[in-house]
Amino acid sequence: MFNTKARREFINITPDIEECIRESGIKEGLLLCNSMHITSSVFINDDESGLHKDFEIFLEKLAPEKPYSQYYHNGYEDNADAHLKRTIMGREVVVAITDGKLDFGPWEQIFYGEFDGKRVKRVLVKIIGE
Ligand code: ZN
């Protein structure tokens, strides 16, 4: 569960996911992690602060938060940009588990991307294997 202080935030959730795998005891299998909300994402990329600023700038160019009036969705909401950003950054990740560990490529980390924060949000983790 997350409750971000800012409207938009990226959180590295890799340690939490690794804890879930440890608890499961699964050595060979698949991990699914998805956001339970249509205004936040789960995605894989580098844990590098410059890149995270680049994501923010890139997403604001494609779907700027303001003016709110530019979106049809913003009748009694103001989060149309968050829906669009979530669609760009994706809903879920699936990662192989090998020898009890996330089978990542170099620098891969799992992030929760919040685009309409300051309220409680959840991600789902499902692990299958043996
Ligand atoms: Zn909405």
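Residue numbers run consecutively from 1 along every chain, following the written order of its sequence. Confidence filtering applies because this is a predicted model: local features only for residues at pLDDT of at least 70, side-chain atom pairs given and counted only at 80 or more, and all residues used for totals across whole chains, interfaces and linings. Processing note: side-chain calculations cover all non-hydrogen atoms of the structure and skip hydrogens and water entirely.

1. Notes on unusual backbone geometry
Line of reasoning, step 1. For the bond running from K66 to P67, omega is 0 degrees, close enough to zero to count as cis.
Line of reasoning, step 2. Within the fold, P67 resides in the loop between helix 2 (49-62) and helix 3 (80-89).
Line of reasoning, step 3. The phi torsion at D99 lies on the positive side, around 55 degrees, for a residue other than glycine.
Line of reasoning, step 4. Relative accessible area serves as the criterion here: at 59%, D99 is assigned to the exposed category.
Line of reasoning, step 5. The phi torsion at K118 lies on the positive side, around 70 degrees, for a residue other than glycine.
Line of reasoning, step 6. The helix count covers DSSP runs of H or I at least four residues long, the strand count covers runs of E at least two residues long, and both are numbered beginning at the N terminus. As for its position among the elements, K118 is in the loop between strand 6 (109-114) and strand 7 (123-129). Each residue gets one of three labels from its accessible area relative to the maximum for its type: buried under 20%, exposed over 50%, partly exposed in between, using a 1.4 Å probe on protein chains only.

2. Looking at the sheet that holds strand 4 (residues 92-98)
Line of reasoning, step 1. An order of 5-4-2-7 is seen for the four strands of this open sheet, with the pairing classed as antiparallel. Among the strands making up the open sheet, the edge pair consists of strand 5 (101-102) and strand 7.
Line of reasoning, step 2. By definition, two strands form a pair when at least two bridges between them are found by DSSP. In this sheet, strand 5 lies alongside strand 4 in antiparallel orientation, the contact comprising two bridges. When the bridges of strand 5 are listed, T98 appears paired with K101.

Interpretation note: all reported values are geometric properties and have no functional meaning in isolation.
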